[in-house]
Each structure stands twice: as C-alpha cells, then as structure tokens.
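Each chain, letter by letter, is given below.
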Amino acid sequence: MIPVSIAEFAALPPGVLSNALDERRLRWRGISLAQIGTVAARFDVECVPFIFRTYIAAAPSWCATRWVGQFGFEGESYTILPRIGWGRFEAMLTAVLSVGTMGEGGIPSAASGEGDLLPLAWVLVHEAAWRRNRGAAKAFVRKSVSDAPALRGELDLPAQLAKLIDKQNFACRYDELTYDHPVNRGTLLAIRTLEQHRRFPFNCTGGFHRIAREWAEALAANGVALPERFPAEAMRWSRANDSFRAAHVLAAMIVAERQSASRGGKGVPGFLFDSAEVWELYLWRCLKEVIAEFPEFHDCEVEWPRENRSAPEPLLFWQGLPVAPRIPDLRIRRGHDVALVIDAKYRFFQPPTAEGGGDLAVQMFQYAAMGSRDHAERSPPVVLIYPSCEDLRNGPGDESPYLLGSGRFNLPGDPPLTAWAVKLPVLEGIQPAACAGFHREVRAQLRHILAEAMPPQLMASIGSGGGTG
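Rules and cut-offs
- Residues numbered from 1 in each chain as written.
- Predicted model: local features only at pLDDT ≥ 70, side-chain atom pairs only at ≥ 80, totals over all residues.
- Heavy atoms only, no water.
- Helix = DSSP H or I, 4+ residues; strand = E, 2+ residues; numbered from the N terminus.
- Buried < 20%, exposed > 50% of the residue type's maximum accessible area, 1.4 Å probe, protein only.
- Contact = heavy atoms within 4.5 Å.
- Areas by Shrake-Rupley, 256 points an atom, 1.4 Å probe, with all protein chains shown as cover.
- Pairing = 2+ DSSP bridges.
- Axes fitted to C-alpha atoms, helices over the stretch in contact; angles between N-to-C directions.
- Expected span 1.5 Å × (residues − 1).
- Core = buried A, V, L, I, M, F, W, Y, C linked by side-chain atoms within 4.5 Å.
- Salt bridge = Lys/Arg side-chain N within 4 Å of Asp/Glu carboxyl O.
- Parallel < 35°, antiparallel > 145°, perpendicular 65-115°, else oblique.
- Left-handed = near helix turned anticlockwise from the far one by under 90°.
- Nonpolar A, V, L, I, M, F, W, Y, C, P; charged D, E, K, R; others polar.

Peer 1: Which parts of the structure should I look at to understand the overall build of the chain?
Peer 2: Along the chain, the regular secondary structure elements total 11 helices and 19 strands. Within the chain, buried positions represent 50% of all 469 residues. Taking as baseline every contact in the chain between residues at least 6 positions apart, the subset at least 24 positions apart corresponds to 69%. Surface exposure of the chain reaches about 22,400 Å², of which carbon and sulfur atoms provide 53%.

Written out as structure tokens, the structure reads:
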C-alpha cells in the first residue's frame, strides 16, 4: 500500500480524511521526546496534527500542523512529510535520542524507510537504555510455588491448607530478581516482529541489526521467554530498570501496529513526532557541544528550562497566585546570570512588524523581562533561531547563518532581539560521515550566532552586573 503523502503545514487534499475531520475531531496521540530518559511514567501526549484554517479566504480548509510521521485511517496509510526532508529530520532525531551514546549521533547504516520513525525511535531509545544499564534490565517478579522445601517469602495460607498431601513442603509466594519479566519479553517480541517484516533495523546493512540480534541472544541466554502476544501484566519499576520505560512503551506500539495492520489496517496507531520539538532539542544538544568545544564560552552553561519539572516562572503574582507563566526554549547562563535567551522557531520567519507579529514581540519581551530578574540594571538579549533549507526558506542565497532582522526592547539596557536563519546542509541518507559533517556545519553556524549575540563587552557587563547602554 502506497501511503498518501501530506506536506507539513500544507492544506489537506479532498478525500476520506478531510471529510472525517469536517465531521468530527479525530483523536490523536504522539510522543514527547521531552519525557524520554526521565522517570516519567508516560511518554505519549495529546497532539493536534490538523487544524482548520479559517483565515484562508479563498478556500478555508484543514491543514497539517508541525506533527510528522505515519498513521492509518479507514484502511489507508498516511504520511505527513517534514519540510526539511526525512534525511535531515532523522539526522536531528537520532542526535536528540542518542546523545552521549552514539558519538556524533548518526546511524551507522542506511536509514529506516522514509517516515517509518517508530522502529527507528525504539532502537535508539532501547540502545541508550541498554548502555546506561550496562545490559538488560532485571526486575522482581512475583512467584508462587506449592512445594518449596523451606519457607521462602510469605506463606500462601489458603494454598497450604488446601493441600491434602505433601504437608512437609510449603506453599509460598516470594519475589525473584530475574531477567524474565514483561519488559524483556516485550523486547524479544518487538525484535521478532521487526525482523519478520523486514523493517528497520533489518531492512538495511550496518550496525543496528547486529545490535538487535545481540539483544535477542543475550535475553534468550538469560532465560527470557518469547511471548506470542505483548505482555499485558504490570511491570514493577525501580531505579534498576527505570531507564527502559520509554523503550517498553515504544515496543508495545511496534507490536500493536503490526497486529492492527494484519487485520486490514483499521485502527493502526499513529506515531507522530512534534517536529518543532525535535528542532528545539537538536539546538540544545548542538549548543551544549559548542559551549564545551570553544574556549570563548568556557564559563557558560546551556540550560533547557523544560528539564526543570517545577512550575514555570510567572510574570506576576496576584493575590499570591501566579499569572502568565512562561518557559523559554533555551537559556545560556554565565554563573548565576542569564546571558542569552534563545527561542527555537521552526516555521517561516515573519518580522514583528508583520500582521500577527505582535504576539511574537510580546512573547520575546516577556522572556527578556523574566531574564532581567538576575540583573539590577539590564535585561539579557534574545535570539530567535530558524532553520533554512530549500522547502523552508528563511534567508536568501547560500549565506549561513543569515541575520533575518534585529531590534531593541524598551527595557533597562536596551537589550537586543535578533533573528537568525541556520542553513541545514543537504543530507543524502544518514551515514556516519555525512551526519558528522551535517552536525559540524550546524555547530559552526551556532558558534557565529553566539559570538554575535554575546560579544566580549556584553559578557563582561554580565559578570559585573552593569548595563549595556
């Protein structure tokens, strides 16, 4: 079945999907990368992949939003395509998911099928968990026996009293630390499902199909049983196995997707990524490397405020209640001071003077105002960073990075607001060498932006608490 392709941010073509959206709002779910690797119990989030654009006077219609990936509806397969292309998107996605575990973050083989993001995400998340855990996870599993030669755990009194013979042995219940538990059994079933249907990582040559087979061999050698259906029993999570939470969720989605597809495609779960969140997290990873690599930023630190699970900072406390909480995408600190506020913008650039641009100006003003809490006389500068490529043109020609525009806030110290476009290099496939070059070029552009946004005199004034005038 050839999937119907829908361009990100584009109007939907007439058909079954458009008619269904007109009749009712379909319910969708996606996955939040912000949750992966934390102790959060859930990784899926509500998402809105389509909205009704009423302001298009010529032909108001349903349009795709920033959610990309694949889903099925009424027996048809649909793919929402990222405007930056699958190669660039998967390169950024793998860097986000595999940071600290995969070197440059690239996949040492051909990519998964275009848009087939679910197995790609599962392999990367599982590999990260396997490395953090230094192998497969163990967990306590509840066992019940009727003929234990000695009491173990607690006596199963009803079972003991019901025994007519063998009174010398004990019926008891106990917890056993084992590899044979729902997470590892689900992993084995996911590997078998992907291998049977030649999906990533088994549809290409390279390292990950060997790694997946090594997982399967290690689990089988430790007595993990291969189930017929995905394990439905509850998992007992602990610090010893919590890093596998996200991988377990994704493995369940892989198996459920194949089971639904075998029944004719109806009810196939959608697996969608928020492409704007991928861009935000990718910038965060790259900026951390820039700060660590170049000596001019040696005393700086990149902060991703959403890592902090506490309540966001409000603009106002009214009668003791917080009002208008705001979370900037990224901040760069120098000591205790906010040196720069960064907002990751994924769509087309529109200046604050354009129609509807006032909302952007107000949002950035609020970020600058909140950053000034750390300074008596100045507010930090704010930078907007947009991607640019052939289908997402932000900035002319081949210049990179390109300054899209600048202004100054009416705040103490007249902090600047600048907008920049980072040119995303052309990327064919995601071989390691190509990915390494892609990431290096992006980092070089970000270094240039930071040097322009945080010149030495500004850095000195931050340290002294003085204004920039």
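Next comes the rest of the account.
Peer 1: Got a minute to help me understand the sheet that holds strand S18 (residues 402–408) in this structure?
Peer 2: The strands making up a sheet associate through hydrogen bonds between their backbones, and the pairing can be parallel or antiparallel. With mixed pairing, the 6 strands of this open sheet are ordered in space as S12-S15-S16-S17-S19-S18. Every interior strand has two partners, whereas the edge strands, strand S12 (300–303) and S18, have only one. Looking at each pair of strands side by side, their axes are set apart by 20° on average, direction ignored. Of the strand pairs in this sheet, S12 and strand S15 (residues 330–334) are connected by 4 bridges, and their pairing is antiparallel. Opposite Cys300, over in S15, you have Arg334 as the bridge partner. Set on the sheet, helix H8 (residues 275–293) makes contact with S12, S15, strand S16 (337–344), strand S17 (382–388) and strand S19 (416–423); between it and S12 the angle comes to about 165°.

Peer 1: Which parts of the structure should I look at to understand H8?
Peer 2: Since the α-helix packs 3.6 residues into each turn, any two residues three or four apart lie on the same face. Across its 19 residues, H8 extends 27 Å between first and last C-alpha, which sits within 8% of the 27 Å expected from 1.5 Å per residue. Counting buried residues along H8, 15 of its 19 residues qualify, which places the element largely inside the surrounding structure.

Peer 1: Mind showing me how you'd approach the nonpolar core here?
Peer 2: The nonpolar side chains of a soluble globular protein tend to be buried, and buried together. Of all hydrophobic cores here, the largest spans 104 residues; its most connected members are Phe50, Trp122, Trp279, Leu446 and Leu450. The greatest single-element share of this core, amounting to 11 residues, is contributed by H8. Val338, Tyr386, Leu404 and Leu411 belong to the second largest nonpolar core, which has 11 residues in total.

Peer 1: Which parts of the structure should I look at to understand the sheet that holds strand S10 (residues 170–178)?
Peer 2: Taken together, the 3 strands give an open sheet; going across it, the order is S8-S10-S9, and neighbouring strands pair in antiparallel fashion. Where the open sheet ends on each side, the last strands, each with one partner, are strand S8 (139–148) and strand S9 (154–155). Relative to S10, S8 runs antiparallel, the two being bridged by 8 bridges. Paired with Arg142 across the strands is Asp175, a residue of S10.

Peer 1: Is there a simple way to think about the side chain of Ser61 in this case?
Peer 2: Note on placement: Ser61 falls in strand S5 (residues 61–64). Ser61 sits in the buried class, given a relative accessible area of 18%. Excluding residues within four positions of it along the chain, Ser61 makes contact with Ala11, Ile51, Phe52 and Arg53.

Peer 1: Where do I start with the pattern of salt bridges in this structure?
Peer 2: Close approach of charged atoms allows side chains with opposite charge to pair. Scanning the entire structure with this criterion turns up 16 salt bridges. Residues Glu390 and Arg88 are paired through a salt bridge, measuring 3.0 Å at the closest nitrogen-oxygen approach. Note that Glu390 is positioned in the loop between S17 and S18 and Arg88 in helix H2 (residues 86–98), a separation of 302 residues in sequence. On the basis of relative accessible area, Glu390 is assigned to the partly exposed category, the value being 41%. For Arg88, a relative accessible area of 4% puts it in the buried group. Across the salt bridge formed by Asp175 and Arg236, the nearest N and O atoms sit 2.9 Å from each other. You can see Asp175 sitting in strand S10 and its partner Arg236 sitting in the loop between helix H6 (207–221) and helix H7 (245–261), a full 61 residues away along the chain. Residue classification places Asp175 among the partly exposed positions, given a relative accessible area of 32%. A single network of salt bridges, built from pairs that share partners, joins Arg142, Asp175 and Arg236.

Peer 1: So what exactly am I meant to see when it comes to the packing of helix H3 (residues 117–133) against helix H5 (residues 182–196) here?
Peer 2: Packed helix pairs are specified by the crossing angle of their axes together with the interaxial distance, meaning the distance between the axes. Close contact between H3 and H5 brings their axes to 12 Å; oriented N to C, the two are set at 140°. Compared by their axis directions, H3 and H5 come out oblique. H5 is crossed by H3, and the crossing has left-handed handedness. When H3 is examined against H5, the residues Pro119, Trp122 and His126 are found in contact with a partner set consisting of Thr187, Ala190, Ile191 and Leu194. Residues belonging to the contact of H3 with H5 are distributed by class as follows: 5 nonpolar, 2 polar and no charged.

Peer 1: Looking at this model, I keep getting lost on the pairing of strand S11 (residues 271–274). Mind explaining?
Peer 2: The side chains of a regular strand alternate, first on one face of the sheet and then on the other. Every second residue of S11 is oriented toward a common face, with Phe271 and Phe273 on one face and Leu272 and Asp274 on the other, all of them buried. As defined by bridge partners, strand S6 (residues 67–73) adjoins S11 across 4 bridges and the pair is classed as antiparallel. Bridge pairing in S11 places Trp67 opposite Asp274.

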